[in-house]
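Observations on chain architecture
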Amino acid sequence: MNRRRFLQSVAASSAALHSLASLGEEPGKPPISRSMLEGARTASETPVDGHTLLETFTHDGETWRVYEDLRTRDGGITFISSAGSARVMPKSAEAVFADEGPQYLGLELSQIGMAAADLLADKLLAGGEPDEDEVRRAAPPMDSAERAGRGYRPRWNTIVGTRECSDTMPVYPAGNTRTYHPGQYFRELIAVPSGKRYEGLVGGWMPAVRKVLPGDNGSYYEVIVFGDVLAHDRFIVQTWHRTAHILDGKILKVVYGYSYPACTRRRQDPDAAEFYQGLLAFAEYWDRLMHEMIPITLPDSTWSNMARYAFVKEQVVRPGGVYPKYGAVDRDYYGPEYDGFQDIFTMSLYANLECGRFSEAHDVFDNYFTSFVDAKGMINMRGPETAQFGLTLSLIARYYNYTSDRSLLLKHRGKIEATVALLTELHDEALQLPATDPGYGLIHGWSESDSCLTLDPSVWWKPYFSNSAFTVRGWRDIAKTWRALNLSGGETAAAEWARRSEQLRDTLVKSIDANTMRDKQPPYIGPLPGAKLTFRESLEQEHPSEQGWVHRCYAELLQPGVLTDEQTNTVIDCMRAYGATTLGVVANVERPHPAGRDILGFISYGYAHALLRMDRIEEYLLFLYAHRYHDHSRGSWTAGEVSGITGDGALFCIPAQLTIPLLVRWMLVFEDPDAERLYFGRALPQKWVAAGKPIAIEKAPTRWGRVDYRLEPRGDKELVATIALPEKGPLPQELQATFRRPAGRSLAGLSVNGKTVAPAGREQDTAVFATAGARRFTVVATMS
């Protein structure tokens, strides 16, 4: 029978899998062998006792046997080769429906929505470190709201695709795509309530969608969908499908599909061998693409899987893996008018750098500055966000610090310097204002891109503190980089940028002090100088309000780390008390209403960055948990730009998706933005430490080079942290290793390389020590 492109390519020889051989490889580095891939195993270390043999096929001279552990609903699929290699593809599943019992921790939704304080966060933090499961149950899952009625059409809740394809394929709650419906083969699925389903992935972090729906008499239906990685269509994602009815460890019925329903002898459904060849190729393809991702080991692997999956989703969304897209499927936000959005660029560059994906960071940087930044430093996008220019400069400096890639900065030198000049022009304009003007010396400009679409955009062309904060950070960091590049004229330019940075910071700090409302408790700091109303008062009384999009202003004010510690803590307290957070995450601030309040999925990571710097670890963990469980769909992990707390859906955007990788990386290894200091294990949950399993990160990039960190128990009274700094080059002056000791345990002593040190930190659980030329450290915490 006439198969599709994938089947044509595998029919003759090994050409199909060999086409994967160069994926993920870097020029000048050794090729990636199959044994080096994250999912590779040997047959001897992969037991399949009790598993069901599904199929056998031959490829490239090897015979592959496919097994599935049907003894449990979430049993994985295992491939065993006659050559001795193996691959295990675990399955996951999370309930997409709310737990039974009272919602919202017993609070009334109207009370939560109307209160200025973040009541849910207050309750979750009342006992200290928040409980992950309690945070999960604090509000209904995204997309769990019951919907029905004539004409109702379910919205897609996840996507599949490949790096090469320029579009994606949406997948709907029951496992349908736009071109394939499992219900045609299992008519009983039409009556199954998709609201009671479980969602997950096949392969741990790979984009193979899994839907589990309830059947009769304890049975269940499982739908698996993934993109054909060997298809070559420019826009059409070809898809593989498996739909099975399973009871008591046995498959009662199974149907395999490919993209479209069968019709005539020329388009027939594939057989099992063809499906599993496609699945094996899919697994190796994604392993190779994610090979550069830094290894992270956590007691709960779903967190490291979620971090890795975020980059997978970015590859699926970006045409060719590089061209920027804000969302997927729908015009909002897949339309080209969003492609130059600064947040797509900055979030991608930041997350890929922090997680060691330097090749992708290079391509994203090069693409954006080639196609979306002109010679004047202006972006090819409506409404530039002023603070993002400063973040861009800071991230360019970070790119150089991590990669030492001088050539890319030189290629775009003119545009980088034009970006700096754009900000210096705004600074000069601010310095020409009367000294009595509240915005004197502060950077004026739009904070939010949408400002330019309003009837009078000048309402929002204001001296928001965040504009100046990120400009300070951008000038400070790019000045150091320009000095390091040793360019002709670079030292003079760098000196001027550094001078301006300190001048602007001094103005910013003084202005914030002068505009802090200390008559309120807690003291209130607004988003811009001269404001007489709080942001909630302004939204209620002023139409339009210059304090619209205050959530962005606050997140971008905190992230650069240029305020005093006192000011930073005051801003955080102000946000929690006056309506700018929801469940501990930055809120999408609007006029208060009794129908709930929203979470800001993207941008908000700047708030988390400040929580970690200020050692507010309980709040950081609440942010982490709430973002996962209430800004991502359960199991399929689709992140929302803005999500509510009532079970409604959200518009997907990729910057929100890339938040979890940053949070997970930072909780393990975090560098001070200015001081010569590295933090290790600063925000580990106490339950993870108590689990007694290794916690580790390898080759985490820093401006001093790549570092390793591992924490594990030794006996029942010691926790041992091992830290490896780069073998060559400069070192940070100070390291801090934190031991988030389990509840009920106290710290009896700390030692570093055998020498006793006094505990430090807010909880007296941190070893603070100088590197003093050493590059390997064993830090031991003795518990009692």
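Residues numbered from 1 in each chain as written. Predicted model: local features only at pLDDT ≥ 70, side-chain atom pairs only at ≥ 80, totals over all residues. Heavy atoms only, no water.

**A look at the overall build of the chain**
For clarity, the threshold we go by: Working definition: helices are DSSP H or I runs of at least four residues, strands are E runs of at least two. Numbering for both runs from the N terminus. Both definitions apply: the radius of gyration is a C-alpha atom measure, and the globule rule equals 2.2 Å times residues to the power 0.38. Buried means the residue's accessible area, taken with a 1.4 Å probe over protein chains only, is under 20% of the maximum for its type, while exposed means over 50%, and partly exposed covers the values in between. Any two residues whose heavy atoms approach within 4.5 Å are treated as being in contact.
For the chain, the count of helices and strands is 23 helices and 29 strands. Its C-alpha atoms give the chain a radius of gyration of 27 Å, near enough to 28 Å, the size a compact globule of 784 residues would have. Projected onto its principal axes, the C-alpha coordinates of the chain cover approximately 80 × 65 × 55 Å. Taking all 784 residues of the chain together, 60% fall into the buried category. When contacts within the chain are restricted to residue pairs at least 6 apart in sequence, long-range pairs at least 24 apart make up 68% of them.

**Points about the pattern of salt bridges**
As a reminder of what qualifies: For salt bridges, the criterion is a side-chain nitrogen of Lys or Arg within 4 Å of an Asp or Glu carboxyl oxygen.
This model, assessed by the stated rule, comprises 58 salt bridges. One salt bridge connects Arg665 with Glu354, and the closest N-O pair in it is separated by 4.0 Å. Linking Arg665 in helix H22 (residues 659-668) with Glu354 in helix H9 (residues 342-354), this pair joins segments that are 311 residues apart in sequence. The buried category is assigned to Arg665, whose relative accessible area is 0%.

**Concerning the packing of aromatic side chains**
Selection rule: Between the rings of Phe, Tyr and Trp (Trp by its six-membered ring), a pair exists once the centres lie within 6.5 Å; its type follows the angle of the planes, with under 30 degrees stacked, over 60 edge-to-face, and the other angles tilted.
Per the counting criterion, the structure on display carries 41 aromatic pairs. Aromatic side chains Phe341 and Phe602 sit 6.4 Å apart centroid to centroid with 45 degrees between the ring planes, which places their arrangement in the tilted category. One end of the pair, Phe341, is in the loop between helix H8 (331-334) and H9; the other, Phe602, is in the loop between strand E17 (599-600) and helix H19 (605-613), and 261 residues separate them in sequence. No difference in accessibility class separates Phe341 from Phe602, as the two residues are buried. Through a chain of ring-to-ring contacts, three or more aromatic side chains come together here, namely Phe226, Trp240, Tyr256, Tyr258, Phe275, Tyr276 and Phe282.

**Let's talk about the side chain of Asn352**
Here is the rule: In protein, a polar contact means a hydrogen-donor-capable atom and an acceptor-capable atom, both N or O and within 3.5 Å, with residues adjacent in sequence counting only if both atoms are side-chain atoms; elsewhere, any N or O pair within 3.5 Å suffices.
Looking at the secondary structure, you find Asn352 in helix H9. Asn352 sits in the buried class, given a relative accessible area of 0%. Of the polar contacts made by the side chain of Asn352, one reaches the side chain of Glu314; its length is 3.1 Å. Here Asn352 is in contact with Phe311, Glu314, Arg357, Glu360 and Ala361, once residues within four sequence places are set aside.

**Quick notes on the packing of helix H11 (residues 386-403) against helix H13 (residues 413-431)**
Quick reminder of the rule: Orientation is described by lines fitted to C-alpha atoms, with helices fitted over the stretch in contact, and by angles between N-to-C directions that extend from 0 to 180 degrees. The cut-offs work like this: below 35 degrees is roughly parallel, past 145 is roughly antiparallel, 65 to 115 is roughly perpendicular, and the gaps in between are oblique. In this scheme the handedness of a crossing depends on how the near helix is turned from the far one: anticlockwise by less than a right angle means left-handed, clockwise means right-handed. Basically, the charged four are Asp, Glu, Lys and Arg, the nonpolar ten are Ala, Val, Leu, Ile, Met, Phe, Trp, Tyr, Cys and Pro, and anything else, Gly included, counts as polar.
It is the contact of H11 with H13, at a shortest axis distance of 10 Å, that shows an interaxial angle of 140 degrees. Classified by the angle their axes make, H11 and H13 are oblique. For the pair H11 and H13, the crossing hand works out as left-handed. Residue-level contacts link Thr386, Phe389, Gly390, Leu393 and Ile396 of H11 to Ile416, Thr419, Val420, Leu422, Leu423 and Leu426 of H13. The residue makeup of the contact of H11 with H13, split by class, is eight nonpolar, three polar and no charged.

**Description of the sheet that holds strand E6 (residues 94-95)**
Let me state the cut-off plainly: Two strands form a pair only when DSSP identifies at least two bridges running between them.
The antiparallel open sheet is built from six strands, whose spatial order is E6-E9-E10-E11-E12-E13. Every interior strand has two partners, whereas the edge strands, E6 and strand E13 (250-258), have only one. Examined bridge by bridge, strand E11 (residues 220-227) and strand E12 (residues 239-247) share eight bridges and lie antiparallel to one another. Bridging from a neighbouring strand, Gly227 pairs with Thr239 of E12. This element, helix H6 (residues 272-289), spans E11, E12 and E13 of the sheet and lies at about 115 degrees to E12.

**Some thoughts on the sheet that holds strand E22 (residues 705-714)**
Strand order across the open sheet formed by seven strands is E14-E21-E22-E23-E29-E25-E26, with antiparallel pairing between neighbours. Looking along the sheet, the strands with just one partner apiece sit at the ends: strand E14 (296-297) and strand E26 (755-757). Two elements, strand E25 (residues 747-752) and E26, share three bridges in a ladder whose sense is antiparallel. From the neighbouring strand, Val752 faces E26, where its bridge partner is Lys755.

**What about unusual backbone geometry?**
The peptide bond linking Gln521 to Pro522 adopts the cis configuration, its omega dihedral lying at -5 degrees. Mapping Pro522 onto the fold places it in the loop between helix H15 (490-514) and helix H16 (535-541). For the peptide bond that leads from His543 to Pro544, omega is 5 degrees, which places it in the cis range. Checked against the element boundaries, Pro544 lands in the loop between H16 and helix H17 (550-558). Of note, the phi angle at Leu105 is positive, near 55 degrees, even though the residue is not glycine. Its location among the elements puts Leu105 in the loop between E6 and helix H3 (109-114).

**Notes on the packing of helix H14 (residues 465-485) against H17**
Between H14 and H17, whose axes approach to 8 Å, the crossing angle comes to 30 degrees. When the interaxial angle is binned, H14 and H17 end up roughly parallel. Here the hand of the crossing between H14 and H17 comes out left-handed. Of H17, the residues touching H14 (which contributes Phe465, Ser466, Ala469 and Phe470) are Cys553, Glu556 and Leu557. Of the residues belonging to the contact of H14 with H17, the class tally is five nonpolar, one polar and one charged.

**Side note on the confidence of the model for the chain**
Low pLDDT marks stretches whose predicted atomic positions should not be read closely. Basically, it comes down to this: Scored between 0 and 100, pLDDT is the confidence that the predictor attaches to each residue.
Here the chain averages 94 in pLDDT, while 94% of its residues score no lower than 70. Counting contacts from residues 1-18, a segment whose pLDDT is below 50, to residues more than four positions away or on other chains yields 40 contacts.

**Points about H15**
Condition: Helix span, expected: 1.5 Å multiplied by one less than the number of residues in the helix.
Taking 1.5 Å per residue as the helical rise, H15 with its 25 residues ought to reach 36 Å, and the 36 Å between its terminal C-alpha atoms agrees with that figure. Along H15, the positions that sit buried rather than exposed are Gly490, Ala494, Trp497, Arg500, Ser501, Leu504, Thr507, Leu508, Val509, Ser511 and Ile512. The inward-facing, buried residues of H15 abut H13, H14, H17 and helix H18 (565-578).

**Re the pairing of E13**
As judged from the eight bridges shared by E12 and E13, these two strands associate in the antiparallel manner. From the neighbouring strand, Ala244 faces E13, where its bridge partner is Val254. Once E12 ends, the chain turns through two residues before running back antiparallel as E13, passing Asp248 with a positive phi of about 50 degrees.

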